[in-house]
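# Observations on the model geometry
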Amino acid sequence: FCTGVLVDYQWVLTAAHCMDNQDMSLVQFVLGEHDLSLSDDGGYREVYLSNYNSVIHPDYRETSGGTPENDLALVYLSEPVDSGRWFIQLSDGQMC
């Protein structure tokens, strides 16, 4: 499993090594999950699919020692995330 950060309504920032050579039609993003070892931990969760579109940092590579460098990727989700559940509105009207 890999983790990521929702950075916009349809974009997830994750590690490039998680997306490199992946069949994007099989990738799912789960929001609101807290314990993957439980089938139902009582929390709210939503599943989003990738839109088969990821952008891997152009300088991503693994060193000869196997350490990833520039290990960043952006993934576009198939639909926007419900902003009311996952974003906090700041007093100046910006969403974060």
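I will try to describe carefully the structure that is included in this document. In this text the structure is predicted, and so the values were computed from the model without any measurement.

For the structure on display, the rule yields 1 disulfide. Each sulfur in the disulfide pair Cys 2 and Cys 18 lies 1.9 Å from the other. Measuring the twist about the S-S bond at about -90°, one finds the Cys 2-Cys 18 disulfide to be left-handed. Of this pair, Cys 2 sits in the segment before β1 (4–8) while Cys 18 sits in helix α1 (residues 16–19), and the two are 16 residues apart along the sequence. Note on Cys 2: relative accessible area 44%, which makes it partly exposed.

Before going further, it helps to spend a moment on the nonpolar core. Ranked by size, the top nonpolar core spans 14 residues in total, and within it Met 19, Met 24, Val 27, Phe 29, Val 75 and Leu 77 carry the most contacts. Sorting the residues of this core by element identifies α1, β3 (28–31) and β7 (73–77) as the ones contributing at least two each.

In this fold, Trp 11 is placed in strand β2 (residues 11–14). Taking C-alpha positions, Trp 11 is 9.6 Å from Ser 78, a pair spaced 67 residues apart along the chain. Every residue in contact with Trp 11, bar those within four places of it in the chain, is listed here: Val 5, Leu 6, Leu 74, Val 75 and Tyr 76.

Here Gln 10 lies in the loop between β1 and β2. There is a polar contact of 3.2 Å between the side chain of Gln 10 and the side chain of Tyr 76. Excluding anything up to four places from it in sequence, Gln 10 contacts Val 75, Tyr 76, Leu 77, Ser 78, Glu 79 and Pro 80.

On to the side chain of Thr 14. Relative to the assigned elements, Thr 14 resides in strand β2. Accessibility expressed as a relative area gives 8% for Thr 14, which makes it buried. A distance of 2.7 Å separates the side chain of Thr 14 from the backbone oxygen of Thr 3, its partner in a polar contact.

According to the stated counting rule, one finds 1 salt bridge in the structure shown. One salt bridge connects Arg 61 with Glu 69, and the closest N-O pair in it is separated by 3.1 Å. On the accessibility criterion, Glu 69 (32% relative accessible area) is partly exposed.

Thresholds, definitions, all that
The written sequence of each chain sets the order in which its residues are numbered from 1. The model is predicted, so local features are restricted to residues of pLDDT at least 70 and side-chain atom pairs to those at 80 or more, both for listing and for counting; the totals for chains, interfaces and linings are taken over all residues. Just so you know, side-chain values use all the structure's heavy atoms and leave hydrogens and water out. Sulfur atoms of two cysteines make up a disulfide when they are within 2.5 Å. Numbering of helices and strands starts at the N terminus; helices are DSSP runs of H or I of at least 4 residues and strands are runs of E of at least 2. Think of it in three bands: residues with accessible area under 20% of the maximum for their type are buried, residues over 50% are exposed, and the middle band is partly exposed, with areas taken using a 1.4 Å probe on protein chains only. Residues belong to a common nonpolar core when they are buried Ala, Val, Leu, Ile, Met, Phe, Trp, Tyr or Cys residues joined through side-chain atoms within 4.5 Å. We call two residues in contact when some of their heavy atoms are within 4.5 Å. Polar contacts here mean pairs of N or O atoms no more than 3.5 Å apart (in protein, one a potential hydrogen donor and the other a potential acceptor; neighbouring residues in sequence count only if both atoms are side-chain atoms). In the sections that follow, a salt bridge refers to a side-chain nitrogen of Lys or Arg positioned within 4 Å of a carboxyl oxygen of Asp or Glu.

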